[in-house]
Amino acid sequence: YVPASWNEVFAVPGIEFSYVGASFADSYMEDDYFAMYPDAGKKYLLLEVNIMNTGSEPVEVNSLPGADAFTVRLGQDITATAEQTVLTEDFSSMAGTIKAGETKKAVLLFQIPAEVTAVENAELIVTTDQNYQIVLGN
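## Focus on the pattern of salt bridges
Now for step 1: Inspection of the entire model under this criterion finds two salt bridges.
Now for step 2: We note a salt bridge from E123 to R73, for which the minimum N-O separation is 2.4 Å. Here the residue E123 occupies a position in strand β11 (residues 122-127), and R73 occupies one in strand β7 (residues 69-74), the gap between them amounting to 50 residues.
Now for step 3: Judged by relative accessible area, E123 falls into the buried class, the value being 15%.
Now for step 4: Between K105 and E89 there is a salt bridge whose closest N-O contact spans 3.9 Å. Taken together, the positions of K105 in strand β10 (residues 103-113) and E89 in the loop between β8 (78-81) and β9 (95-98) put the pair 16 residues apart, joining distant regions of the chain.
Now for step 5: Of the residues examined, E89 reaches a relative accessible area of 17% and is grouped as buried.

## Quick notes on the packing of aromatic side chains
Aromatic rings in a pair are described by how distant their centres are and how their planes are angled relative to each other.
Now for step 1: Taken as a whole and assessed by the stated rule, the structure comprises eight aromatic pairs.
Now for step 2: Ring geometry for W6 against Y19: centres 6.2 Å apart, planes inclined by 10 degrees, an arrangement best described as stacked. Separated by 13 residues along the polypeptide, W6 in helix α1 (residues 6-9) and Y19 in strand β2 (residues 15-25) bring together distant segments of the chain. In terms of burial, W6 and Y19 fall into one category: buried.
Now for step 3: Ring geometry for F10 and F91: centres 5.1 Å apart, planes at 80 degrees, overall edge-to-face. Taken together, the residues F10 in the loop between α1 and β2 and F91 in the loop between β8 and β9 connect sequence positions 81 residues apart.
Now for step 4: By relative accessible area, F91 is classed as buried at 0%.

## Topic: the pairing of β11
Now for step 1: The buried fraction of β11 amounts to five of the six residues, a majority that puts the element mostly inside the structure.
Now for step 2: Strand direction decides the pairing type here: β7 and β11, joined by six bridges, are antiparallel. In the strand pairing of β11, R73 is matched with E123.
Now for step 3: Examined bridge by bridge, β11 and strand β12 (residues 131-135) share five bridges and lie antiparallel to one another. Its bridge partner being in β12, V126 is matched across the sheet by Y132.
Now for step 4: Hairpin remark: β11 followed by β12, antiparallel, with three residues in the connecting loop.

Each value, and the rule that gives it
- Per chain, the residues get numbers from 1 upward, laid out in the order the sequence is written.
- Local features in this predicted model are restricted to residues of pLDDT 70 or higher, and side-chain atom pairs are both shown and tallied only at a pLDDT of 80 or more, whereas totals for entire chains, interfaces and linings draw on every residue.
- The side-chain values count all of the structure's non-hydrogen atoms but skip hydrogen atoms and water molecules.
- Salt bridge criterion: a side-chain nitrogen from Lys or Arg within 4 Å of a carboxyl oxygen from Asp or Glu.
- Put simply, DSSP H or I for four residues or longer makes a helix, DSSP E for two residues or longer makes a strand, and each gets a number counted from the N terminus.
- Between buried and exposed lies partly exposed: a residue is buried under 20% and exposed over 50% of the maximum accessible area for its type, with that area taken using a 1.4 Å probe on protein chains only.
- Note on aromatic contacts: the rings of Phe and Tyr and the six-membered ring of Trp form a pair at centre separations within 6.5 Å, being stacked when their planes are under 30 degrees apart, edge-to-face when over 60 apart, and tilted otherwise.
- Criterion used throughout: strands pair if DSSP finds at least two bridges between them.

No statement about biological role is implied by the geometric values presented.
In structure tokens form, the structure reads like this:
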């Protein structure tokens, strides 16, 4: 794996990515109209990322460049691939325009065993033409 930062993996001119953090959820709801639930015995691990336009012009962001898959690793024994969703805030399928100075929230959703209680030694593996490793701070 090639160690990298969010900004190195997703090089979009005028855009800065910042990892907000990880949290657990028994379901995920976008606005008031769309809810998702994990399989039995699982819960969601949510990774939240802010996408900020640092420039003076709007930037179109359509499915961030190059990412084929997102896999989270917690320690050595738990791995999960990101859910493919129709959420407007899904990081893997983000589309639209970010205005100058605007920050949009984006999430990646992973189904992990319900008994997991902490996010320790977490890494995000982003598969493109090579595998990038982003170490996630807690």
